[in-house]
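# Examination of the molecular architecture
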Amino acid sequence: MNIAVFVSGRGSNLQAIINSQIEQSKFEVKAVVSDKISCPAFEIAVKNSIPTFSVGGKEGFIGYSELAEKFDKLKIELIVLAGFLKLIPDSFVNKYPFKIINIHPALLPSFGGHGMYGINVHKAVFESSAKVSGATVHFVDLTYDTGRIIAQRCVDISGVKSPEEIAEKVLNVEHEILPYVIKKFAENKVKIIDNRAVVLD
Ligand code: GRF
């Protein structure tokens, strides 16, 4: 299964996906996309000989319709948002029904929505005194963090002393759950049953 990964920053989830690709050989990253002209995640892509695309309205960037044409040629079957901070145009989302997923560093539907990204999420979780946090992989629809939830994994944060500690614990879980879900897509084991997203064993 050919996949594209959308990034905006450090790229640790992209690296985890590439590591899993090498171990599993069930899927292959065929494109890395960002709203930036350069970022550490692009360096990871180049190091792994994966084509990179800068998308958006800036000079020299490609538009989403051109990106979709490239994805058709690359036979992209799954699009993974891993730290991509921009809202994707409706026309692009609607072209890939139940084929775009996102990783969110909290247990949606709590601590999600506009402005809830990066350390903001973990600050909100810390201030709430929550005893668990975790990561969520969900389908992308037309608004931030509201698509059907595919998988979640919890982490105990009852003893943490800072939002940064939560971020570190959750990131480790992200690096496990995202490759796991991609592998399940490659095995055709992610289904919508009775209007609910389900991962088959
Ligand atoms: C992750 O925490 C992810 O949950 C969020 O953005 C961050 C991306 O981190 N959507 P990285 O660039 O993959 O290291």
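This text goes with the structure placed above it.
All of these numbers come straight from a predicted model, not from anything done at the bench.

Attention shifts here to the sheet that holds strand S6 (residues 132-139). Read from one edge of the open sheet, seven strands run S3-S2-S1-S4-S5-S6-S7, paired in mixed fashion. The open sheet has two edge strands, strand S3 (52-54) and strand S7 (149-156), and neither has a second partner. Across the sheet, the mean angle from the axis of one strand to that of its neighbour is 20 degrees, orientation sign disregarded. Two elements, strand S1 (residues 2-7) and strand S4 (residues 78-81), share four bridges in a ladder whose sense is parallel. Residue Ala4 lies in a different strand from S4, and its bridge partner there is Ile79. Sheet contacts for helix H6 (residues 163-186): S1, S4, strand S5 (100-104), S6 and S7; angle to S7, the most-contacted strand, approximately 150 degrees.

Okay, the site of the ligand next. As a matter of local geometry, the ligand sits amid Arg10, Gly11, Ser12, Asn13, Gly83, Ile103, His104, Pro105 and Glu174. Interatomic distance of 2.5 Å between a side-chain N/O atom of Arg10 and an oxygen atom of the ligand. Summarising the interface, the protein chains cover 87% of the accessible area of the ligand, which totals 370 Å² for the free molecule. For the shell around the ligand, the secondary-structure elements that each account for two or more residues are helix H1 (12-24) and S5. Its residues placed into classes, the shell around the ligand shows two nonpolar, five polar and two charged.

Looking now at helix H3 (residues 64-74). For H3, every residue scored as buried is listed here: Tyr64, Leu67, Ala68 and Phe71. Down the axis, H3 shows its buried residues gathered within 100 degrees of arc, on one side only. Opposite its buried face, H3 presents the exposed residues Ser65 and Lys73, each directed more than 90 degrees away. Where the residues of H3 are buried, they touch S1, strand S2 (28-34), S3, S4 and helix H4 (90-95). Downstream of H3 by a residue or two, Lys75 has a phi angle that is positive, lying close to 50 degrees.

Cut-off values and rules
- Residues numbered from 1 in each chain as written.
- Predicted model: local features only at pLDDT ≥ 70, side-chain atom pairs only at ≥ 80, totals over all residues.
- Heavy atoms only, no water.
- Pairing = 2+ DSSP bridges.
- Helix = DSSP H or I, 4+ residues; strand = E, 2+ residues; numbered from the N terminus.
- Axes fitted to C-alpha atoms, helices over the stretch in contact; angles between N-to-C directions.
- Contact = heavy atoms within 4.5 Å.
- Near = heavy atom within 4 Å.
- Polar contact = N/O pair within 3.5 Å; in protein donor to acceptor, adjacent residues only side chain to side chain.
- Areas by Shrake-Rupley, 256 points an atom, 1.4 Å probe, with all protein chains shown as cover.
- Nonpolar A, V, L, I, M, F, W, Y, C, P; charged D, E, K, R; others polar.
- Buried < 20%, exposed > 50% of the residue type's maximum accessible area, 1.4 Å probe, protein only.
- Arc of directions from axis to C-beta.

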